[in-house]
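Reading the structure
Take a look at the letters that make up each chain.
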Amino acid sequence: MSNKYLRTKANETAEAICKKHNIKFPAALLMTRGIWEEARRCIMKTIGSYGAENWQKLPLKEKAEVCSLVVRGLLDKRKLSGFMAGDRKSIV
């Protein structure tokens, strides 16, 4: 994981999972790291499809809609389970 923010958030999320469920930290970290990386990939893919210059010109409201779509994918149990099981290529 190249991004320090993503590493930090994955560690925090993994620690929370370990406290709430009976899962060992390495397994929880592997899961959360994959989910955070996938969220980042989805957003970066969208930015790439717009083009960096066009993305910069988009109003904040439209950028927020793209990020909201990714978050909805993270909150959808069916999509997330399918992604974690390897049945889906993406959470969005």
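These numbers come from a predicted model, not from an experiment. (Residues numbered from 1 in each chain as written. Predicted model: local features only at pLDDT ≥ 70, side-chain atom pairs only at ≥ 80, totals over all residues. Heavy atoms only, no water.)

**Some words on the packing of aromatic side chains**
This is how it is decided: Aromatic pairs are defined between Phe, Tyr and Trp rings, using the six-membered ring for Trp, whenever the two ring centres lie within 6.5 Å; interplanar angles under 30 degrees are classed as stacked, those over 60 as edge-to-face, and all others as tilted. Think of it in three bands: residues with accessible area under 20% of the maximum for their type are buried, residues over 50% are exposed, and the middle band is partly exposed, with areas taken using a 1.4 Å probe on protein chains only.
For the structure on display, the rule yields 2 aromatic pairs. Aromatic pair Tyr50 and Trp55: ring centres 5.8 Å apart, planes at 55°, arrangement tilted. Judged by its relative accessible area of 34%, Tyr50 falls in the partly exposed class. A relative accessible area of 9% means that Trp55 is categorised as buried.

**Topic: the confidence of the model for the chain**
What counts here: pLDDT expresses how confident the predictor is about each individual residue, on a scale running from 0 to 100. Per the convention used, a helix needs a DSSP run of H or I reaching at least four residues, while a strand needs a run of E reaching at least two, with both numbered from the N terminus.
Across the chain, the average pLDDT comes to 85, with 98% of residues at or above 70. For the chain, the element scoring lowest by mean pLDDT is helix 5 (residues 77–85), at 80; helix 1 (residues 4–20) scores highest, at 88.

**Details of the pattern of salt bridges**
Inclusion rule: Salt bridge, as used here: a side-chain nitrogen of Lys or Arg that lies within 4 Å of a carboxyl oxygen of Asp or Glu.
A full pass over the atoms with the stated rule returns 3 salt bridges. Residue Lys9 pairs with Glu12 through a salt bridge whose shortest N-O separation is 3.1 Å. On the criterion of helical spacing, the pair formed by Lys9 and Glu12 is a turn pair, its members being 3 residues apart in helix 1. On the accessibility criterion, Glu12 (41% relative accessible area) is partly exposed. Of the charged contacts in the structure, one is a salt bridge between Glu53 and Lys57, with a shortest N-O distance of 3.4 Å. Linking Glu53 with Lys57, this pair stays in helix 3 (residues 52–57), spanning 4 residues, or about one helical turn.

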